[in-house]
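Single-letter residue listing:
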Amino acid sequence: MTSTSTATDGPAGAPTEDAPAGGGGRARRVALYVLGRLTTAVVSLGAVIVAGFFLFRILPGDPVRAMTEGREVSLEQEAELRRQFGLDQPLWSQFFDYAGGLLRLDLGVSFQYREPVTELILERLGPTLLLAGTGTIVAALLGLFLGARAGWRPGGRGDRVNTAVALFFWSVPTFWLGLLLIVLLASGRGFFPGLFPTSGMVAPDATGIEAVLSTARHMVLPVVTMVAVIYAQYLMIMRSSLIDEKGADYLTTARAKGLRDGLVRRRHAVPNALLPTVTLIFLNLGQVVSGVILVETVFSWPGLGHLFYSGLHVPDLGLVQGLFVLFAASVILMNLLADLVYPLLDPRVRP
Amino acid sequence: MTGLDPRPAPRAPAPVPSPRVLARRRRRRALGRFARSYAHNRAGMAGLVSLLLIATAALTAPLFIDQAHLTVTGAPGQAYEPPSPEYPLGTDNFGRSVLDLIIWGARVSLAVGLLATVVSVSLGTLIGVTAGHFGSSGGTGGRITSTVLMRITDWFLVLPTLVLAVALAAVLPGGTGTIIAAIGLTVWPPTARLVRAQTLAVEARPYVERARALGGGHTHVMLWHVLPNVMPVVLAQTTLLVATSIIAESTLAFLGMGDPTTISWGGILEAARTAGAVSAGIWWYMVPPGLAIAVVALSFTLCGRALESVINPRLRENS
């Protein structure tokens, strides 16, 4: 156990020490690093767009038949629909139309709502960000706090209980937990009938401060569901990171100075152990946007996840494809941010 | 490996044991050591026991459950009967026993979870070992292959797993095979990364160099020297992935992507929701399937963590 064993996956061991202080070499290296990450992100995004397009086009299933399912349509009407959505063009020309549209932030048209996908997404982006953001912040705070407790005394009773509870919630299907909460706290039966609303985001007739309170009340159950399922990973990473730090020499020094145990943990060990969790938080922020699909579906939260679910059942290819690109893009963006921010925080991995 | 050898066991008249016997004895001893240190892990043992119980129930289900009672038309009871001695977990909206449904659902859920894991672990191991091996000893061409493979892995890693699985399940023809493929094709990247890292560590060992110096080709080194040493890590990862796959299966079923003709835990939950069990407060239709998923996923996770701590001495020291 030495202090050098940190869980970083960046380009560790970059020759920072023997490089001449200041100078243009360092600036060039940093520029190269940033440029490299940016290129990777752009190439990934391009691949996502291409894959998304062909995944939803080449594979079986005819969008027009899906759109008109269950209704009698004449051949002329079908041809008209095809022309309207550009489906009569050859595939490559459809692709270039689509890619050109993307440059103008045009994600195509939803077959189901007959509205531009971009508008639909913008309408529902706010609720999703509100829910996902609140959930992530609460889960990260809770997980990091409990993880710091558990990791300080590994094998102790607090650690065992904490880990067991977190692992249990981690193993529970998100949507099931949400349904249970609805039965217990929101539906007409259960322990507290009607304590919280079962669906939606805000009461329709509320205004001003009332609307804010109503939104908060609607958010309680979705946020609790989200937090219960995702806080385990923050707990586990904080725990193992703190265990890695525990043997470090500077902690011995701190103790030798006569600091109390709690102070050693809070002031010295935890700040250093927090470093590896930064990457994880960013990565999760990217995933969480799509991770709320289940929570939003269960609680009928008017966000992107619910939109995706509704598009899936039609199936509304334009909408689903647009959301696919958006979800992947959010992960790519967050990965990029993590790559760029981490070296600022941890000098050991600076380029 | 020795069992695959077609040659008959050497008739060694001398008391000096042949290398083969020695190797077998060594392996048996290593296995014993492994089992003993696994048995020390109480959580791991609890997971193993619960898995064995559930697997036994799932495998022997046809012996004590009449399949006709699981069809909508042949349901034995009334709709929404609360739990009673006859139906320990009550009945669903068609009058089928929920307990029977759960036991029968274990067959599909476990099978899908295991098969999806086989797909993803095979894919991950293949890509990880190839990338690791050619990256460290394949020359320029090998390095390019390795880089390309890892770039593809990284790319899959950034795709939102659930969205991709749902998309695959939506565009492929419906059925259990599709679910397995959709899960298997989306959860492999972490395995590939892990296996590659382990392969690189193994490739740096002298015995791999010796094998290469003796004229061992790429396939030989990968199959006989790298793979056996990567297997422990893969095994632990496999157990953890089964839990992920079972939850993923229930999620896909819940989103309506499952095969409606088969009975799986996710399918039962989806049926319960569409039947209105949530608002009607029919808890015995909703709680058991979710609990079953949680118990199985937790058991696999516990086993996987126990295996990890046995294999990785650094973890053993800590916890």
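Residues numbered from 1 in each chain as written. Chains lettered and ligands numbered in written order. Predicted model: local features only at pLDDT ≥ 70, side-chain atom pairs only at ≥ 80, totals over all residues. Heavy atoms only, no water.

Caption draft 1: Main features of the overall build of chain B. Scanning chain B from terminus to terminus reveals 13 helices and 0 strands. Put simply, chain B runs from its N terminus to its C terminus through helices and strands in the order α-α-α-α-α-α-α-α-α-α-α-α-α. On the principal axes, the C-alpha backbone points of chain B span a range of 75 × 50 × 40 Å. Put simply, chain B has 319 residues, and 44% of those count as buried. Intrachain contacts of chain B at a sequence separation of at least 6 include 68% that bridge at least 24 residues. Total accessible area on chain B stands at roughly 15,600 Å², and carbon and sulfur atoms take up 66% of it. (Helix = DSSP H or I, 4+ residues; strand = E, 2+ residues; numbered from the N terminus. Buried < 20%, exposed > 50% of the residue type's maximum accessible area, 1.4 Å probe, protein only. Contact = heavy atoms within 4.5 Å. Areas by Shrake-Rupley, 256 points an atom, 1.4 Å probe, with all protein chains shown as cover.)

Caption draft 2: A look at a positive patch on the surface. Residue and element names in this part refer to chain B. Where like charges cluster on the molecular surface, the positive patch consists of Arg24, Arg25, Arg26, Arg27, Arg28, Arg29, Arg33 and Arg36. Mapping Arg28 onto the fold places it in helix α1 (residues 19-39). Taking the relative accessible area as the measure of exposure, Arg28 reaches 58% and is therefore exposed. (Patch = residues over 30% accessible without salt bridge, like charges linked within 9 Å, V, L, I, M, F, W, Y side chains within 5 Å. Salt bridge = Lys/Arg side-chain N within 4 Å of Asp/Glu carboxyl O. Lys, Arg positive; Asp, Glu negative; His and termini not counted. Charge placed at Lys NZ, Arg CZ, Asp CG, Glu CD.)

Caption draft 3: Quick look at the side chain of Asn162 of chain A. Looking at the element boundaries, Asn162 of chain A is found in helix α6 (residues 157-171). Discounting chain neighbours no more than four positions away, the residues touching Asn162 of chain A are Leu146, Ala150 and Leu235 of chain A.

Caption draft 4: Structural context of the packing of helix α8 (residues 206-213) of chain B against helix α9 (residues 218-254) of chain B. Residue and element names in this part refer to chain B. At a minimum axis distance of 11 Å, the contact between α8 and α9 shows a crossing angle of 170°. Here α8 lies roughly antiparallel to α9, going by the angle between them. Residues Tyr207, Val208 and Ala211 of α8 form the contact with α9, whose own contacting residues are Val221, His225 and Asn229. Class assignment of the residues belonging to the contact of α8 with α9 gives a composition of 4 nonpolar, 2 polar and no charged. (Axes fitted to C-alpha atoms, helices over the stretch in contact; angles between N-to-C directions. Parallel < 35°, antiparallel > 145°, perpendicular 65-115°, else oblique. Nonpolar A, V, L, I, M, F, W, Y, C, P; charged D, E, K, R; others polar.)

Caption draft 5: Molecular detail of the environment of Leu317 of chain A. With respect to the helices and strands, the residue Leu317 of chain A is situated in helix α12 (residues 317-345). Since its relative accessible area comes to 12%, Leu317 of chain A is described here as buried.

Caption draft 6: Broad picture of the interface of chain A and chain B. Between chain A and chain B, the contact holds 46 residues from the first and 44 residues from the second. Carbon and sulfur atoms make up 76% of the area that chain A and chain B hide from each other, which totals about 3,900 Å². Its largest share of buried area at the contact with chain B, chain A owes to Ser171, Phe175 and Trp176 of chain A, together 16% of the area lost on that side. Linking chain A to chain B there are 0 salt bridges. At the boundary of chain A with chain B, the tally comes to 3 residue pairs in polar contact (both at pLDDT 80 or more). Contributing elements (two or more residues each) for the side of chain A that touches chain B: α1 (23-58), α6, α7 (174-186), α8 (208-246), α10 (261-299), α11 (304-313) and α12 of chain A. When the residues that make up the side of chain A that touches chain B are grouped by side-chain class, the tally is 33 nonpolar, 10 polar and 3 charged. (Buried area = accessible area lost by both parts, 1.4 Å probe. Polar contact = N/O pair within 3.5 Å; in protein donor to acceptor, adjacent residues only side chain to side chain.)

Caption draft 7: Local environment of the pattern of salt bridges. Residue and element names in this part refer to chain B. Summed over all chains, the structure comprises 6 salt bridges over all chains. A salt bridge links Arg193 to Asp154, with the shortest nitrogen-to-oxygen separation between them at 2.2 Å. One end of the pair, Arg193, is in helix α7 (residues 189-203); the other, Asp154, is in helix α4 (residues 139-158), with 39 residues separating them in the sequence. The partner of Arg212 in a salt bridge is Glu203, with the nearest N and O atoms 3.0 Å apart.

Caption draft 8: Summary view of the side chain of Ser50 of chain B. All names here are of chain B. Mapped onto the secondary structure, Ser50 falls in helix α2 (residues 42-64). Look at Ser50 and you get buried, because its relative accessible area is 18%. Within polar-contact distance, the side chain of Ser50 engages the side chain of Ser299 at 2.5 Å. In this view, Ser50 contacts Val295 and Ser299; residues no more than four positions away in its chain are not counted.

Caption draft 9: A nonpolar patch on the surface, seen in detail. Residue and element names in this part refer to chain A. Where nonpolar side chains cluster on the molecular surface, the patch consists of Ile209, Val212 and Leu213 and spans about 340 Å² of accessible area. As for its placement among the helices and strands, Ile209 is situated in helix α8. Looking at Ile209, the relative accessible area reads 66%, which means it is exposed.

Caption draft 10: Structural detail: the environment of Tyr234 of chain A. Residue and element names in this part refer to chain A. With respect to the element layout, Tyr234 can be found in helix α8. Between the alpha carbons of Tyr234 and Gly147 there is a distance of 7.2 Å; along the sequence they are 87 residues apart. Setting aside chain neighbours within four positions, we find Tyr234 in contact with Thr136, Ala139, Ala140, Gly143, Leu144, Leu280, Ile281 and Asn284.

Caption draft 11: Spatial organisation of the packing of aromatic side chains. Applying the stated criterion across every chain, the model contains 10 aromatic pairs over all chains. Aromatic side chains Phe53 of chain A and Phe95 of chain A sit 5.1 Å apart centroid to centroid with 70° between the ring planes, which places their arrangement in the edge-to-face category. Separated by 42 residues along the polypeptide, Phe53 of chain A in helix α1 and Phe95 of chain A in helix α4 (residues 91-103) bring together distant segments of the chain. Across this residue pair, the class does not change: Phe53 of chain A and Phe95 of chain A are buried. Through a chain of ring-to-ring contacts, the aromatic side chains of Phe53, Phe54, Phe95, Phe96 and Tyr98 of chain A assemble into a single cluster. Here the guanidinium or amino end of Lys246 of chain A rests over the ring plane of Trp152 of chain A, the centre of that ring lying 5.1 Å away. A cation sits over an aromatic face here: Arg107 of chain B above Trp104 of chain B, 4.7 Å from the ring centre. (Phe/Tyr/Trp six-rings, centres within 6.5 Å; stacked < 30°, edge-to-face > 60°. Lys NZ or Arg CZ within 6 Å of the ring centre and 35° of its normal.)

Caption draft 12: Quick look at unusual backbone geometry. You will see that Ser300 of chain A, though not glycine, has its phi angle at about 45°, which is positive. Among the structural elements, Ser300 of chain A can be located in the loop between α10 and α11.

Caption draft 13: Here's a closer look at the packing of helix α5 (residues 117-152) of chain A against α12 of chain A. All names here are of chain A. Relative to each other, α5 and α12 sit at 60°, their axes nearing to 10 Å. By the angle between their axes, α5 is oblique relative to α12. Handedness of the crossing formed by α5 with α12: right-handed. Together, Val117, Leu120 and Ile121 of α5 and Gly318, Leu319, Gly322, Leu323 and Leu326 of α12 make up the contact between the two elements. Here the residues of the contact of α5 with α12 sort into 6 nonpolar, 2 polar and no charged. (Left-handed = near helix turned anticlockwise from the far one by under 90°.)

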